[in-house]
Amino acid sequence: MEYEPIIGLETHVQLKTKSKMWCGCANQYGADPNTQVCPVCLGMPGVLPVANEEALRLTVLTGYLLNCDLPRHARFDRKNYFYPDVAKNYQITQLALPSTLNGHVDFELNGRTERVRLTRAHLEEDVGKSFHFDRQSGVDFNRGGVPLLEIVTEPDITSADMAYAYLNALKDILTYAGISDCDMEKGMVRCDVNISVRPKGTQELGAKVEIKNMNSFSGVRRAVLYEVPRQIEALKNGETIVQETRRWDDIAGITESMRTKEDAHDYRYFPDPDLMPFEPSEAWFEEVRQGVVELPLARKHRFVEQYQLPEGDAEVFVNDVPLGDYFEQVAGKAKQPKAIANWVINNLRAKLVESESTLEDLKFEPASLLELVQLVESGKISSKIAQTVFGEMFDSGKAPGAIVEEKGLVQVSDTGAIEQFCDQAIEANPGPADDYRNGKEAALNFLKGQVMKLSRGKANPALVGEMLQKKLKG
Amino acid sequence: MDCFQTLASLRQRLLDGEITSKEVVSGFLGRIESVDSDLNALIHLDKEGALKQAQTADEALASDPDARSKPLIGLPVVVKDNIAERGQPLTCASKILSNFVAPYDSTVVSKLKSAGAVLMGRANLDEFAMGSSTENSARAITRNPWDADHIPGGSSGGSAAAVSAGLCAAAIGSDTGGSIRQPASFCGCVGLKPSYGRVSRFGLTAFASSLDQIGPLTRDVRDAATVLNVIAGHDERDSTSVPRETEDYTASLGQDIKGLKVGLPKEYFIEGLDPAVKVSIDGAVSQFQQLGAEIVEVSLPHTEYAIATYYIICTAEASANLARFDGIRYGARVDGKDPVELYAKTRGAGFGSEVKRRIILGTYVLSSGYYDAYYLRAQKVRTLIRQDFQNAFDQVDLLLTPTVAAPAFKVGEKSTDPLQMYLTDIFTISANLVGNCGLSLPCGFSQNPKLPIGLQLMGRPFEEANLLKAAYAYEQSTDWHKAFPS
């Protein structure tokens, strides 16, 4: 019998806010333990949470970007469980009435566009971090109370690669919109995977196994690659899969049982009476919607279609948003956007790197780039000269036309002048001239080079080639 | 110095230069030293701090013209020991916080400080405000100043006893199911539970977050209005505080109450009312009629479910609110071989039996499989009770009831029967479930022993001004508030 895996992901993402979810402490990674804490995030007696509106804004913005429904009435609940890293011994989360519901993420996998549906993306608070020493343990509460978004998928994922691609797409979207830095090494993204398998062609879901403790996207992929065959093998051997939570051991590359359904927590959720339901105005939602950015995949498709760019170029402009925006500013008016793309990607980007500057430091006007391309297209300067002009333009900010005039770089298309250069070159290089006459085609390029040298690069290369041919082979 | 003066009278003497704050504070400190070792109203006395604050107040009164406008300048106030006051113990009368010192000021305490009050000490309570007698305090049982064999009520029993016994000019308490009004009634003072959201809860150690409210205990109605003026108002640090303008609650005092409609909820005038209480309340009703009020019978049909509803909601919330006392970050700790054992030992040793009982109850009603039958159902009944009150307040301006069915009971009389203890709250808990304001003020005495009897008035949410106006009119037409324990 053939089996197929059914996979769902629960991804926790730290939101990029200045302060924590319920208090004014900094939301910043890397400070000394317990230096970014206050009575509120330490769960002192008498303190109360006040919701961070920026976190709620980022949550709703995520909802817009992930195509979610955005309920006009959201609420916070208490999830009760004792653990030393939970200061209040309950976590404030959105169980019953989350801020977003029913979305989806589209992404490319093996040349096809795939869709994973989302159950919800809800807002909660992060917990502290436990440290274990020789004979004692400690908790750092700097992370306690950092706003955390939990993004839950439907069981739409069918392979390890698809899980991996989904996570990367999700990360791109969230970093794109400034919702999270998604730095895995700093623990800003954490992921649990739910896996079940079933005979191909059947509809009923098998027992769900939750896998925890993957600390990278590739860890998720490896865990799925391990767990799916393990479950299939077990079923083939006549065993039953039980609902359980398993821990991924990254070094051993295996999953091992943590707890079964019987010892599952009863979290005793109930509405947090310290917080009012969140019912912002339509105007607030509209304001949040203004922050919606074009998603990476959509942007890529648009660049390919609108500017007839190859996918590679479009991807550069997706990965470097300011560069892409700059390109659009110029390319909108260009007859051949591809030529602009070449300049922006090959020349401008290199120059920026070389000079350690950014687009904001640019001295020349965007229109200058357009002008430069037109100078080349009209034959006024050669593309080689154009490189020089660009360098000058980048350094001084002068318009390319002015640079060409000033330095006398106009391409020579006057046949009389070109003929003179050709005669000089043939005369000075009788050997190569003979070679060409005897059928050695490469010799022509050498002579062409000599003519260009004599003209200091200004001769129209096409005319030079024609003229030399005519003179040598008549 | 006469320790049984009102805030208003002390303030006048301070402003007139007849007396200094230092003399006032010393007077109260002297009285505390002579009577509180028997009374146990205070858990902690900050003698040195109080004298220092008094000196600061005297200096300000002498040199700073703005100081005179501070409503509580130089006046000693005692705060219930579940409300954070920076640098002072915050024990909640629990072993688990026996050595805990508050690292911050509650909003109410900062407002009292800004108003110039001298914070003298911390008042006793039932552990974590759970109880009706202060018998659940891990420190000591506070005695009723009128008769030491009797309890002062609770949970703000220390605050009520301190006011009643002349240990301070005013006290701050908290009221979750009657914890200000019931002890005020038992000790013969005025106790006001403001509308839910009128006073910030920031810094009040949460017992039941949707029911808790801080309020004043004072010698008379005017003083209650004065203290409410200081502590009321929206607070950004408490999301449940209401962004609604406050008013000058003393402004309407003295206005007549002719034509005021006063409702008597028939479900509150049931059998089992102590005869002395019945006589006193009947007297109060006649007095209101004499003052021109119109007395109307109203019905609050869901009253019989209030106690059950209340004990489901308050214990559910408490079970989560008290989870933070685990010995990990602060407070008393009993070590264990792993976190679970540490929790069990710490909480086992740190909490008293009533607190444990409520945590267990609350945990149960929130448990999977029981949530719908208990917690969710209780919330629905709460809505019905709220509708009862809305309907009643459509017909009348105020509700008049006994605060408690009987005068203060004896120490030990009910401590072995939790249910009997819970039933003493029957007239007060609805105001917490509904969120409206309520006040208890003296309306009589029982004989042999002579113990105070309280009258409860309840007003519409955020109509404290109206409530205080009516209470003041009644008070000024009677002499009950002028009697002091010997």
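Conventions used here
Residues numbered from 1 in each chain as written. Chains lettered and ligands numbered in written order. Predicted model: local features only at pLDDT ≥ 70, side-chain atom pairs only at ≥ 80, totals over all residues. Heavy atoms only, no water. Pairing = 2+ DSSP bridges. Helix = DSSP H or I, 4+ residues; strand = E, 2+ residues; numbered from the N terminus. Contact = heavy atoms within 4.5 Å. Axes fitted to C-alpha atoms, helices over the stretch in contact; angles between N-to-C directions. Parallel < 35°, antiparallel > 145°, perpendicular 65-115°, else oblique. Left-handed = near helix turned anticlockwise from the far one by under 90°. Nonpolar A, V, L, I, M, F, W, Y, C, P; charged D, E, K, R; others polar. Buried area = accessible area lost by both parts, 1.4 Å probe. Salt bridge = Lys/Arg side-chain N within 4 Å of Asp/Glu carboxyl O. Domains from an automatic or database assignment. Polar contact = N/O pair within 3.5 Å; in protein donor to acceptor, adjacent residues only side chain to side chain.

**Re the sheet that holds strand E3 (residues 90-93) of chain A**
Taken in spatial order, the 3 strands make up an open sheet running E3-E2-E13 (chain A), and their pairing is antiparallel. In this open sheet, the two edge strands, each paired with only one partner strand, are E3 and strand E13 (270-271) of chain A. Bridge count between strand E2 (residues 77-80) of chain A and E13 of chain A: 2 bridges; the pairing is antiparallel. Among the inter-strand pairings, Asp-77 of chain A is bridged to a residue of E13 of chain A, identified as Pro-271 of chain A. Taken strand by strand, helix H9 (residues 306-321) of chain B contacts E2, E3 and E13 of chain A, and its axis lies near 60 degrees from that of E2 of chain A.

**As for the packing of helix H7 (residues 221-231) of chain B against helix H15 (residues 464-476) of chain B**
Packed helices, taken two at a time, are described by their axes: the angle between them and the distance between them. Residues and elements named next belong to chain B. Relative orientation of the contacting elements H7 and H15 amounts to 160 degrees, with a least axis distance of 9 Å. The orientation of H7 with respect to H15, classified from their angle, is roughly antiparallel. Pair H7 / H15 crosses with left-handed handedness. Along the contact surface, H7 presents Val-221, Arg-222, Ala-224, Ala-225 and Leu-228, while H15 presents Glu-464, Leu-468, Ala-471, Tyr-472 and Glu-475. Residue classes in the contact of H7 with H15 are distributed as 7 nonpolar, no polar and 3 charged.

**Quick word on the interface of chain B and chain A**
Taken together, the 38 residues of chain B in the interface contact 30 residues of chain A. Together chain B and chain A conceal approximately 2,700 Å² of surface at their shared face, both sides included; 61% is due to carbon and sulfur atoms. Per-residue buried area on chain B facing chain A is highest for Ser-239, Arg-324 and Arg-329 of chain B; these three make up 22% of the total on that side. The tally of links from chain B across to chain A stands at 1 salt bridge. In this structure, the salt-bridge partner of Asp-274 of chain A is Arg-201 of chain B, at a minimum N-O distance of 3.0 Å.

**What about the sheet that holds strand E9 (residues 189-199) of chain A?**
Residue and element names in this part refer to chain A. One open sheet holds the 8 strands; their spatial order is E4-E5-E8-E1-E9-E10-E11-E12, and the pairing between them is mixed. Both outer strands of the open sheet, strand E4 (100-109) and strand E12 (254-260), are each paired with one neighbouring strand and no more. Sheet twist, expressed as the average angle between the axes of neighbouring strands with direction ignored, equals 30 degrees. Inspection of the sheet shows strand E11 (residues 244-249) paired to E12 by 6 bridges, in the antiparallel sense.

**Brief notes about the domain arrangement of chain A**
Segmenting chain A into domains produces domain 1 (3-289), domain 2 (296-407) and domain 3 (415-473). Each of domain 1 of chain A and domain 3 of chain A was reduced to a C-alpha centroid, and the two centroids are 70 Å apart.

**A word on the domain arrangement of chain B**
All names here are of chain B. Along its sequence, chain B is organised into domain 1 (7-259 + 401-482) and domain 2 (310-378). Taking the mean C-alpha position of each, domain 1 and domain 2 sit 28 Å from one another. The interface is formed by 24 residues belonging to domain 1 together with 22 residues belonging to domain 2. With both sides pooled, the region where domain 1 packs onto domain 2 buries about 2,100 Å², and carbon together with sulfur makes up 67% of that total. A per-residue breakdown of the area domain 1 buries against domain 2 is headed by Ile-96, Met-130 and Tyr-422, which together make up 34% of the total. For the pair domain 1 and domain 2, the number of links is 0 salt bridges. Taken together, the connections running from domain 1 to domain 2 amount to 12 residue pairs in polar contact (both at pLDDT 80 or more). Sorting the residues of the side of domain 1 that touches domain 2 by element identifies helix H13 (418-423) and helix H14 (429-434) as the ones contributing at least two each.

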